[in-house]
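Topology and contacts: notes
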Amino acid sequence: MKIKNKVGSTLFVMVLTSVFLSGCTKNFEEINQDPIRPAKANQGNMLGQLEYQLVNATISISKEFTHELMQVTAPRESSSGGIHRYQILPNDGTGIWNAIYARSADLNDLAQISEQTFPNYQAVSLILKAWSFSILTDAFGPIPFSDAGQAASGTVAPKFDQQKDIYVNLLAMLEQANSLIKIKDGLAFGGDLIYGADEVAMLKWKKFANSLRLRLLLRIINRDGDIDVTGEIRKMLADKQQYPLFESNADGALLKYTGSYPYYNPYYNARTLDWRQGDYYTKFFLDPMISSDDPRLPLWATKVQVDGVSVFSGIQSGYTPDVVYVTDRNSSYKDDLKTSPLLGQMMSYAEIQFILAELSLRGFQTNETPKQHYEKGVLASLGQWTAATDASFVQRKEIKFKDDAAFESQLQQIIGQKYYSFYFTDMQSWFEKKRTGYPVLPRENGIPAENKFPSRLVYPTYLQSLNPHNLQEAITSLGGKDVSTVVGWWDKK
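This is a predicted model, so every value here is computed, not measured.

Thresholds applied
Residues numbered from 1 in each chain as written. Predicted model: local features only at pLDDT ≥ 70, side-chain atom pairs only at ≥ 80, totals over all residues. Heavy atoms only, no water. Helix = DSSP H or I, 4+ residues; strand = E, 2+ residues; numbered from the N terminus. Buried < 20%, exposed > 50% of the residue type's maximum accessible area, 1.4 Å probe, protein only. Contact = heavy atoms within 4.5 Å. Areas by Shrake-Rupley, 256 points an atom, 1.4 Å probe, with all protein chains shown as cover. Lys, Arg positive; Asp, Glu negative; His and termini not counted. Charge placed at Lys NZ, Arg CZ, Asp CG, Glu CD. Salt bridge = Lys/Arg side-chain N within 4 Å of Asp/Glu carboxyl O. Polar contact = N/O pair within 3.5 Å; in protein donor to acceptor, adjacent residues only side chain to side chain. Phe/Tyr/Trp six-rings, centres within 6.5 Å; stacked < 30°, edge-to-face > 60°. Expected span 1.5 Å × (residues − 1). Axes fitted to C-alpha atoms, helices over the stretch in contact; angles between N-to-C directions. Parallel < 35°, antiparallel > 145°, perpendicular 65-115°, else oblique. Left-handed = near helix turned anticlockwise from the far one by under 90°. Nonpolar A, V, L, I, M, F, W, Y, C, P; charged D, E, K, R; others polar.

Re the overall build of the protein chain
Counting its regular elements, the protein chain contains 17 helices and six strands. Relative to its 493 residues, the protein chain shows a buried fraction of 53%. Restricting the contact set of the protein chain to residue pairs at least 6 apart, pairs at least 24 apart contribute 75%. Roughly 22,400 Å² of accessible area belongs to the protein chain as shown, and the carbon and sulfur atoms make up 52% of that amount. Separation of charge centres in the protein chain, based on 51 positive and 53 negative side chains, amounts to 3 Å.

Focus: the side chain of Glu-68
Mapped onto the elements, Glu-68 comes out in helix H3 (residues 43-69). There is no salt bridge for the buried Glu-68, and the closest opposite charge comes from Arg-85, which lies 7.4 Å off by N-O distance. Among the polar contacts listed, one links the side chain of Glu-68 to the backbone nitrogen of His-84, at a separation of 2.9 Å. The contact partners of Glu-68, leaving out residues within four places of it in the chain, are Thr-73, Pro-75, Gly-82, Ile-83, His-84 and Ser-317.

Brief notes about the pattern of salt bridges
Summed over all chains, the structure comprises 26 salt bridges. With a shortest N-O distance of 2.8 Å, Arg-219 and Asp-138 are connected by a salt bridge. One end of the pair, Arg-219, is in helix H7 (residues 199-219); the other, Asp-138, is in helix H5 (residues 119-140), and 81 residues separate them in sequence. Residue classification places Asp-138 among the buried positions, given a relative accessible area of 2%. Salt-bridge contacts for Lys-235 lead to Glu-232; the nearest nitrogen and oxygen are separated by 3.2 Å. One end of the pair is Lys-235 and the other is Glu-232, both in helix H8 (residues 229-238) and three residues apart, which spans about a single turn. For Lys-235, a relative accessible area of 34% puts it in the partly exposed group. Look at the salt bridges and you will find they share partners, linking Asp-138, Arg-219, Glu-358, Arg-362, Lys-418, Glu-432 and Arg-435 into a network.

Some details on the packing of aromatic side chains
Counted according to the given criterion, the structure contains 39 aromatic pairs. Relative to Trp-430, the ring of Phe-65 lies with its centre 5.2 Å away and its plane at 65°, an arrangement referred to as edge-to-face. Of the two residues, Phe-65 is situated in helix H3 and Trp-430 in helix H15 (residues 428-436); the sequence distance between them amounts to 365 residues. This pair shows no difference in class: Phe-65 is buried, exactly as Trp-430 is. Between Tyr-419 and Tyr-420, the aromatic rings sit 5.1 Å apart at their centres with planes inclined by 80°, giving edge-to-face as the arrangement. In this pair, the class of Tyr-419 matches that of Tyr-420, namely buried.

Regarding H7
An ideal rise of 1.5 Å per residue puts 30 Å on 21 residues; H7 measures up with 30 Å between its terminal C-alpha atoms. In terms of burial, H7 is a largely internal element, 18 of the 21 residues being buried. With a side-chain oxygen lying 3.3 Å from the backbone nitrogen of Val-200, the N-terminal cap of H7 falls on Asp-198.

Topic: the packing of helix H14 (residues 407-421) against H15
Between H14 and H15, the least distance of the axes is 10 Å, while the angle of their chain directions is 165°. As far as their axial angle goes, H15 and H14 are roughly antiparallel. Crossing of H14 against H15: the hand is left-handed. Contacts between H14 and H15 involve Ile-415, Lys-418 and Tyr-419 on the former and, on the latter, Ser-429, Glu-432, Arg-435 and Thr-436. Looking at the contact of H14 with H15 residue by residue, the classes come out as two nonpolar, two polar and three charged.

What follows is the structure, given as structure tokens:
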């Protein structure tokens with residue numbers, strides 16, 4: 001009897017278990033699907049994150065590297081070395097290197113899956129790749145380009161391409177993007193954080209492609225002949241319908257941070273200590289703005305109390321190691337900038353006006369004078385930051401364009417205001433300094449005599465173990481030393 005009961009109980013449990021398991025596995029895949037996460041990636045899912053991660057990296061390199069090198073800011077204390085003393089270390093460029101290469105496969109994939117069927121996404125991916133890799137090659141020189149992002153195909157040790165060859169490809173990519181864009185088609189899957197997805201957005205992407213191309217052509221003006229820079233510039237300026245450029249601040253390439261999850265400014269949660277108490281604006285950066293009563297100044301800089309008066313106050317860059325500046329006694333970044341939607345600047349309308357000002361100065365037919373473009377550039381930068389755009393600002397003695405000055409003096413003035421328009425724009429002010437020699441930065445006593453102003457970043461140290469052969473070939477092409485003083489292909493000699 002007891003045996004029968006045990007058998008019956010066992011059978012009952014087995015039947016119950018079978019029913020239970022059957023119920024659990026029925027529609028298992030459907031039940032366990034995330035209703036929020038897309039089942040299959042499309043171009044829209046890829047694009048927004050690509051833009052967000054790439055722009056975040058450029059904001060970080062602006063604050064941590066460019067601002068210190070180009071005397072926008074200087075550290076509160078610095079007992080040895082430092083970027084402001086022209087000591088460039090491998091880790092100074094590792095962040096931007098890693099960020100761009102981490103996205104390179106996605107950029108390739110976005111272009112490849114969009115060929116034939118979604119040419120607008122293909123065009124956008126080409127523009128983003130040209131923009132990001134131009135920053136990388138302008139900073140390092142030879143870099144992996146043609147093999148970049150090909151690990152899935154078995155290329156885990158990419159070769160380093162020379163800067164001239166990279167530029168040939170960048171210019172071709174932007175030409176291709178310009179021809180691919182079908183304005184009326186928009187972006188079928190959305191995802192764009194810069195312009196949106198409609199017809200207006202695609203026209204702006206077209207303008208971005210051409211404005212960026214003009215930036216790169218002017219960047220290599222010193223190498224005219226190696227590449228037909230003059231011919232390409234003339235071709236673009238002569239056909240505004242085929243090659244439209246930015247026409248207002250509304251066209252500028254700007255990733256506007258929403259301030260809502262997950263699209264925060266990368267410094268959104270930064271501690272006060274990390275955001276503004278470790279760095280102060282320099283006198284070089286602040287004093288011209290103070291003299292001209294620049295309306296951007298109160299939007300960018302804090303005031304401090306000096307003898308009971310609230311003022312803007314800057315410090316020296318390149319000071320001697322014994323100097324220590326007291327906390328909160330000099331001007332630094334406004335806290336509002338941490339939540340500003342305006343920090344994600346890739347390229348501005350102001351920049352294209354300064355480019356046209358220089359081209360006009362060099363004799364290219366832009367249909368306006370250097371002065372007219374210069375004034376538009378200054379006022380566009382003010383307007384971009386929602387600062388007062390009173391046209392009388394460009395008539396102030398500190399700002400007024402020197403009509404009768406020599407070429408170099410006018411070029412210096414154009415680049416001087418371009419410098420301010422590059423506020424938080426990756427490393428562009430450094431690149432322009434390398435190309436033109438402007439702005440002229442004061443050299444203080446704390447910079448050792450042997451330290452020269454850097455022409456490039458040095459490669460991340462981990463490449464010595466991950467890609468040693470190709471790294472060594474690149475270093476050999478630089479003269480045998482991976483140092484910051486090697487002058488690049490397009491730099492002013």
